[in-house]
Amino acid sequence: MTTSEYKVYPIKSSYGVFINYSYIVIDALTQEAAVIDPSWDLASILNILEAESAELTHILLTHSHPDHVHLVQALLDRFDPKVYMGAAEIEFFNYQCANLHAVKDQDTILLGSTLISCIHTPGHTPGSICFSLKNCIFTGDTLFAEGCGICSERGGDPALMYHSLQTIRNRVHPSVHVYPAHSFGVEPGQKLYLVLERNIYFNIFDEEQFVAFRMRKNQPDAKSFV
């Protein structure tokens, strides 16, 4: 995705059963770059930065699960960027790294001339953060095109997930492109209005029913998103 203000580069990577999407955002004016949820594929990140003559100045972490923070230390060693994570996430999981900055709901981050807004979306974890730009949003494991993140692991809360999805519905323009950390068949970058129409979790309007469905028994596996 390319706009007059920034470029977005998706990076699909895998390790064992995990298939993740990381993203690089490059500010058009300054060539400052942010990597979001750096996972597994260091070479691709370095290659994009080199090809674009971009300087990595920010790491944005939607949450602290290992498949989302795997390359933080490697990137810190090479570039010494600032690292941003939700304050509630840092506190709950005691996440630590160099250059760590805690962010809360409606905080803003400046990447060169590109403004990034933080939306606190607990549910998958207590401190999950979505990073919202003018034309796109990076949703981590909160929202996928096809579903939403599991709420059954430590710190998960399906009732909070219900309200987090309503927050996205109410605060994000339907034309914005959605970039999640995982895909289950639908390519990242779908416009939110399509996700609102097709994602079953946006079409359950009762919190109790949402919780029962998200936490139902006999789902295919622990990483199931539907």
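The text that follows walks through the structure, step by step, so that each part is easy to find.

## Thoughts on the overall build of the protein chain
Thinking step 1. Tallying secondary structure elements over the protein chain gives 7 helices and 12 strands in all.
Thinking step 2. In terms of overall size, the protein chain behaves like a compact globule, its C-alpha atoms giving a radius of gyration of 16 Å where 226 residues would be expected to give roughly 17 Å.
Thinking step 3. When the 226 residues of the protein chain are sorted by exposure, 52% land in the buried category.
Thinking step 4. The long-range share in the protein chain, meaning contacts at least 24 apart out of those at least 6 apart in sequence, stands at 56%.
Thinking step 5. Accessible area of the protein chain: about 10,200 Å², with a carbon and sulfur share of 51%.
Thinking step 6. With 15 positive and 25 negative side-chain charges, the protein chain shows a separation of 5 Å between the mean positions of the two kinds.

## Comments concerning helix 1 (residues 42-51)
In an α-helix there are 3.6 residues to a turn, and that puts residues three or four apart on one side.
Thinking step 1. Here helix 1 has its buried residues at Leu42, Ile45, Ile48 and Leu49. Taken end-on, helix 1 shows its buried residues confined to a sector of 135 degrees, consistent with a single buried face. Residues Glu50 and Ala51 are exposed on helix 1 and point more than 90 degrees away from its buried face.
Thinking step 2. Next to the buried residues of helix 1 lie strand 1 (6-15), strand 2 (18-27), strand 3 (32-36), strand 4 (55-60) and helix 3 (72-79).
Thinking step 3. At the C-terminal side of helix 1, Ser53 shows a positive phi close to 50 degrees.

## Topic: the environment of Gln31
Thinking step 1. Mapping Gln31 onto the fold places it in the loop between strand 2 and strand 3.
Thinking step 2. With 81 residues separating them along the chain, Gln31 and Gly112 place their C-alpha atoms 7.5 Å apart.
Thinking step 3. Apart from residues lying up to four places away in sequence, Gln31 is in contact with Ile26, Glu52, Ser53, Ala54 and Glu55.

## Focus on the nonpolar core
Thinking step 1. Ranked by size, the top nonpolar core spans 22 residues in total, and within it Ile24, Ile45, Leu61, Val72 and Leu75 carry the most contacts.
Thinking step 2. Dropping the residues within four chain positions of it, Ile45 is found in contact with Ile11, Ile24, Val35, Pro38, Leu71 and Leu75.

## Description of the state of the cysteines
Thinking step 1. Inspection of the entire model under this criterion finds 0 disulfides.
Thinking step 2. Considering cysteine sulfurs only, Cys151 is the nearest to Cys148, which forms no disulfide, with 5.5 Å between them.
Thinking step 3. For Cys148, a relative accessible area of 0% puts it in the buried group.
Thinking step 4. Given a relative accessible area of 3%, Cys151 falls into the buried group.

## Notes on the pattern of salt bridges
When the charged atoms of two side chains with opposite charge come close together, those side chains can pair.
Thinking step 1. Under the definition given, this model contains 3 salt bridges.
Thinking step 2. Across the pair Arg171 and Asp105 runs a salt bridge, and its minimum N-O distance is 3.2 Å. With Arg171 in helix 5 (residues 158-171) and Asp105 in the loop between strand 6 (100-103) and strand 7 (108-111), this residue pair connects regions lying 66 residues apart in the sequence.

## Thoughts on the sheet that holds strand 6
Thinking step 1. Overall, mixed pairing links the 6 strands, which are arranged 1-2-3-4-5-6 in an open sheet. Taken across any chain shown, the strands that pair with only one partner, and hence form the sheet edges, are strand 1 and strand 6. Sheet twist, expressed as the mean angle between neighbouring strand axes with direction ignored, is 25 degrees.
Thinking step 2. Sheet contacts for helix 3: strand 3, strand 4 and strand 5 (82-86); angle to strand 4, the most-contacted strand, approximately 150 degrees.

Reading the values: the criteria
Residues numbered from 1 in each chain as written. Predicted model: local features only at pLDDT ≥ 70, side-chain atom pairs only at ≥ 80, totals over all residues. Heavy atoms only, no water. Helix = DSSP H or I, 4+ residues; strand = E, 2+ residues; numbered from the N terminus. Rg over C-alpha atoms; globule rule 2.2 N^0.38 Å. Buried < 20%, exposed > 50% of the residue type's maximum accessible area, 1.4 Å probe, protein only. Contact = heavy atoms within 4.5 Å. Areas by Shrake-Rupley, 256 points an atom, 1.4 Å probe, with all protein chains shown as cover. Lys, Arg positive; Asp, Glu negative; His and termini not counted. Charge placed at Lys NZ, Arg CZ, Asp CG, Glu CD. Arc of directions from axis to C-beta. Core = buried A, V, L, I, M, F, W, Y, C linked by side-chain atoms within 4.5 Å. Disulfide = S-S within 2.5 Å. Salt bridge = Lys/Arg side-chain N within 4 Å of Asp/Glu carboxyl O. Pairing = 2+ DSSP bridges. Axes fitted to C-alpha atoms, helices over the stretch in contact; angles between N-to-C directions.

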